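Coordinate inspection notes
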Amino acid sequence: MVKPKSSRPPASAGILLYRRLSSATEVLLVHPGGPFWRNKNIGGWQIPKGMIKSGEDMLTAARRETEEELGIRLNGTPAPLGEIRQAGGKVVHVFALEQELDVSRITSNRFRLEWPPRGGRLVSFPEIDRACWLTIAEARLVMLASQQPLLDRLEAQLCR
């Protein structure tokens, strides 16, 4: 039996972490792991995020997914930044949280993928292979285009 397709696009949730330095505000972006993103730097960096489980609220999902992808505990209460729609149609519910962390201590969870395609062998890859603090201007140059409006929203929120 074929399951009917949902009319609603898949939904994810994530947290845009930031820190304020004396010279600038920086945001934490991650680079997805695995073979599809290996050589994509410009337009490949994004916020840590993941799928919302059935019955899970957006903030709980955002916190869980961010902690899983970074291997850290979050401190404080994230503030809503709204939602964005990515190029593939996925809706991402995003929150912002000020938190300092050492990117060299990040340990991402992993996923398994048949690689090479139709090769019959499952290979394990980290969900993220790198994380980096970037100024908002630097982030605009490398961030996934559909997520760039989040930077404007964060700046507006910090100016209040």
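Everything below is about the structure printed above this text.
Every residue gets a number counted from 1 within its own chain, in the order that chain's sequence is written. With the structure being a predicted model, the display of local features is reserved for residues of pLDDT at least 70 and the display and counting of side-chain atom pairs for 80 or more, all residues being used for whole-chain, interface and lining totals. In computing side-chain properties, one takes all heavy atoms of the structure into account and sets aside hydrogens as well as water.

As for unusual backbone geometry
The residue after tryptophan 115, namely proline 116, is reached through a cis peptide bond having omega -5 degrees. Mapped onto the fold, proline 116 is located in the loop between β6 (110–114) and β7 (122–126). A positive phi is found at arginine 118, a non-glycine position, where the angle reads about 60 degrees. Here a strand is any run of E in DSSP of at least two residues, a helix any run of H or I of at least four, and the numbering for each starts at the N terminus. Counting through the fold element by element, arginine 118 comes out in the loop between β6 and β7.

Considering the nonpolar core
One broad rule of soluble globular proteins: the nonpolar side chains tend to lie buried together. Among the nonpolar cores identified, the biggest contains 19 residues, and Leu16, Val27, Leu29, Ile47, Val94, Leu150 and Leu151 are the most heavily contacted of them. If you list the elements that add at least two residues to this core, you get β1 (11–20), β2 (25–32), β4 (79–85), β5 (91–98), α2 (136–142) and α3 (149–159). Should any heavy atoms of two residues lie within 4.5 Å, those residues are considered in contact. Those residues in contact with leucine 29 that lie beyond four places of it in its chain are Leu16, Trp45, Gln46, Ile47, Arg130, Ala131, Cys132, Leu134, Ala139, Val142 and Met143. Membership of the second largest hydrophobic core comes to 17 residues, among which are Val30, Leu70, Ile72 and Ala131. What makes a nonpolar core is a set of buried Ala, Val, Leu, Ile, Met, Phe, Trp, Tyr and Cys residues whose side-chain atoms join them at distances within 4.5 Å. Under the scheme applied here, a residue whose accessible area is under 20% of the maximum for its type counts as buried, over 50% as exposed, and between as partly exposed, the area being computed with a 1.4 Å probe on protein chains only.

Remarks on the side chain of glutamine 157
With respect to the helices and strands, glutamine 157 occurs in helix α3. Residue classification places glutamine 157 among the buried residues on the basis of a relative accessible area of 18%. If we ignore the near neighbours within four places in the chain, the residues touching glutamine 157 are Ala79, Pro80, Leu81 and Ala96.

A few points about α3
Within the sequence span of α3, burial applies to Leu150, Leu151, Leu154 and Gln157. End-on view of α3: buried residues confined to an arc of 125 degrees, all on one side of the axis. Buried residues along α3 sit against β1, β2, β4, β5 and α2. Working definition: the arc comes from the directions between the helix axis and the C-beta atoms, pointing outward to the latter.

A closer look at the packing of aromatic side chains
Any two rings among Phe, Tyr and Trp, with Trp reduced to its six-membered ring, count as a pair given centres within 6.5 Å; such a pair is stacked if its planes are under 30 degrees apart, edge-to-face if over 60, and tilted if neither. Throughout the structure, instances matching the rule amount to 1 aromatic pair. Measuring from ring centre to ring centre gives 5.8 Å for phenylalanine 111 and phenylalanine 125, while their planes differ by 35 degrees; the resulting arrangement is tilted. In this pair, phenylalanine 111 sits in strand β6 while phenylalanine 125 sits in strand β7, placing the two residues 14 residues apart along the sequence.

Thoughts on the layout of surface pockets
Computed from the structure, the largest pocket encloses a volume of approximately 290 Å³. Each cavity reported here is a set of points on a 1 Å grid over the protein atoms alone in which a 1.4 Å probe fits but cannot get out, each pocket an open set with protein on both sides within 12 Å along at least five of seven lines, and each lining residue one with an atom within 4 Å of a point. Taken together, 20 residues make up the lining of the largest pocket; nearest its centre are Pro32, Trp37, Gln46, Lys49 and Glu127. A per-element tally of the lining of the largest pocket places strand β3 (residues 49–51) first, with 3 residues. Counted by class, the lining of the largest pocket contains 11 nonpolar, 5 polar and 4 charged residues. Grid points are joined across faces, edges and corners, and a volume is the space filled by probe spheres set on the points. In this count, Pro and Cys sit with the nonpolar residues alongside Ala, Val, Leu, Ile, Met, Phe, Trp and Tyr, while Asp, Glu, Lys and Arg are called charged and the others, Gly among them, polar.

Description of the pattern of salt bridges
Side chains carrying opposite charge are able to pair once their charged atoms draw close together. Whenever Lys or Arg places a side-chain nitrogen within 4 Å of a carboxyl oxygen from Asp or Glu, that contact is recorded as a salt bridge. Considering all chains together, one arrives at 10 salt bridges under this definition. Among the ionic pairs, glutamate 26 bridges to arginine 19, the shortest N-O distance being 2.6 Å. Arginine 19 matches glutamate 26 in its accessibility class, with the two residues each being buried. In this structure, the salt-bridge partner of glutamate 56 is arginine 64, at a minimum N-O distance of 2.7 Å.

Quick notes on the environment of isoleucine 84
Mapped onto the secondary structure, isoleucine 84 falls in strand β4. Considered as a pair, isoleucine 84 and isoleucine 52 are 32 residues apart in the sequence and their alpha carbons are 15 Å apart. Non-local contacts of isoleucine 84, meaning those with residues more than four positions away in its chain, are made with Lys90, Val91, Val92, Ser146, Gln147, Leu150 and Arg153.

Remember that the coordinates give geometry; whether it matters functionally is a separate question.
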